[in-house]
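Chain by chain, the residues run as shown.
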Amino acid sequence: MAKTKQAAVFGKSEVSLKPLEPFAILSPDGEVINEEQMPELSDEQLRELMRRMVFTRTWDQRAVSLARQGRLGFYAPVSGQEATMIGSEYALNKEDFILPGYRDIPQIYWHGYPMYQGFLWSRGHQHGGEIPEGVNVLVPQIIIGAQYVQTSGVAMAFKRRGEKRVAITFTGDGGSSQGDFYEAMNFAGAYQLPAVFVVQNNGYAISTPFRKQTAAKSVAQKGVAAGIRSVQVDGMDVLAVYRVVKDAADRARNGEGPTLIEAINYRLGAHSMSGDDPSRYRPEDEPGQYEKIEPLVRFRKYLQSKGLWTEEDENQVIEEAKQTVSEEIKKADKYEKMTIPGLIDSMFEVTPPNLERQKAEYTKEGK
């Protein structure tokens, strides 16, 4: 990616500890400010990006309601981060491998993971982790940052096999404080692996603001120590995210090593539906400031200026999403209940004798 005023890129030969200006293509008002970096996307592809973001926003709103009704287990809202999630996945090939964190259900859904299995995963059902054949994702990782180490392992496998595939992973700004984060990047840098590490910096690690998590001016600067290319991007600009992820993935496939991408986001809602109350740690007027420049508002203005998106288009996608969520939650509700013997079977190819005895006992007790 060529360097411009909007590009915040660290190469191997340059180190800066100054604050960055995130790479962007669209202004908060939806105007093009970086024409030369505009990705080559057709009108239909631009519309598809918007369709997926609107669909994901509606799905998220429905999932929040389902969680409040007690019909889901753990759920982490995504509203405000759709541009990073959708733009990232859209820049990949289906052969590329996604290793998600617990908030990253949209990326793996658009990569082929069924929604109803995501609902089952939220409930702790083993079938949520049974990835369909040909869908190149792992189950969402609950342990903060652990997916980063796994990503380096998957990327190493691709390199050793000579496969033109990329392993991409996601975490939040809090995840960048974990040891796994540094170990994974160091390993990927040392072996020049085809990996893309994305940090969705939404400003808070649950309730801890970013300024209290690190003395670094940015997460992107942390890639310098690992000797890998690092980029900071406006995570609420779907075109900018698409551009930097595609560039990073292409470089990885061509043997040019890994990239760390810090996407500057803002989480509009709670960290999770497990009792988090963002009003206790965020300034009262802060969410309203970001609602004016959030991903859907920005990209909608851009598409409308080109005559590519209407209110009718949006309403149609909203209804499609509502119908899909309704069907998928019903499918999850009807799925066979998990049993202890079934859980044991799903963990072992050959069940150890002691667990076979336990299975027999649980089966006798109807568990």
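Computed from a predicted model, the values in this text were never measured in an experiment.

Criteria and cut-off values
- Residues numbered from 1 in each chain as written.
- Predicted model: local features only at pLDDT ≥ 70, side-chain atom pairs only at ≥ 80, totals over all residues.
- Heavy atoms only, no water.
- Helix = DSSP H or I, 4+ residues; strand = E, 2+ residues; numbered from the N terminus.
- Rg over C-alpha atoms; globule rule 2.2 N^0.38 Å.
- Buried < 20%, exposed > 50% of the residue type's maximum accessible area, 1.4 Å probe, protein only.
- Contact = heavy atoms within 4.5 Å.
- Areas by Shrake-Rupley, 256 points an atom, 1.4 Å probe, with all protein chains shown as cover.
- Lys, Arg positive; Asp, Glu negative; His and termini not counted.
- Charge placed at Lys NZ, Arg CZ, Asp CG, Glu CD.
- UniProt positions renumbered as here; feature names shortened; annotations may be inferred.
- Salt bridge = Lys/Arg side-chain N within 4 Å of Asp/Glu carboxyl O.
- Core = buried A, V, L, I, M, F, W, Y, C linked by side-chain atoms within 4.5 Å.

Asker: Explain the overall build of the protein chain residue by residue, including any values.
Answerer: If you tally the helices and strands in the protein chain, you get twelve helices and eight strands. Taking 367 residues into account, the globule formula puts the C-alpha radius of gyration at 21 Å, and the protein chain, at 21 Å, falls close to it. Out of the 367 residues in the protein chain, the part that is buried amounts to 55%. Pairs at least 24 apart in sequence give 73% of the contacts found in the protein chain among residues at least 6 apart. For the protein chain, the exposed area adds up to about 16900 Å²; of that, 49% sits on carbon and sulfur atoms. Charge separation in the protein chain, taken as the distance between the mean sites of 45 positive and 50 negative side-chain charges, equals 3 Å.

Asker: Tell me about the UniProt feature "domain: Dehydrogenase E1 component" (unreviewed entry) in the protein chain, and please be specific about residues and values.
Answerer: The positions UniProt marks with the feature "domain: Dehydrogenase E1 component" (unreviewed entry) are residues 50–339. Across residues 50–339, the secondary structure splits into 44% helix and 11% strand, with the terminal C-alpha atoms separated by 41 Å.

Asker: Can you lay out helix α2 (residues 82–90) for me, pointing to particular residues and giving the numbers?
Answerer: With nine of nine residues buried, α2 lies mostly within the body of the structure. E82, A83, T84, M85, I86, G87, S88, E89 and Y90 are the residues of α2 that are buried.

Asker: Kindly report on the pattern of salt bridges, identifying the contributing residues and their values.
Answerer: With the rule as written, the count across this model stands at 24 salt bridges. A salt bridge links D313 to R47; its shortest N-O distance comes to 3.2 Å. Of this pair, D313 sits in helix α10 (residues 311–334) while R47 is found in helix α1 (residues 43–68), placing the two residues 266 residues apart along the sequence. Classification of D313 by relative accessible area gives buried; the value is 17%. A relative accessible area of 25% means that R47 is categorised as partly exposed.

Asker: So what's going on with the nonpolar core? Residues and values would help.
Answerer: Judged by nonpolar contacts, the single largest core of 68 residues is most densely connected at W59, F119, L239 and F299. A total of eleven residues in this core trace back to one element, the largest contributor, which is α1. The residues contacting W59, other than those within four sequence positions of it, are I105, P106, Y109, M115, F119 and V325. V154, A184, A188 and A226 belong to the second largest nonpolar core, which has 21 residues in total.

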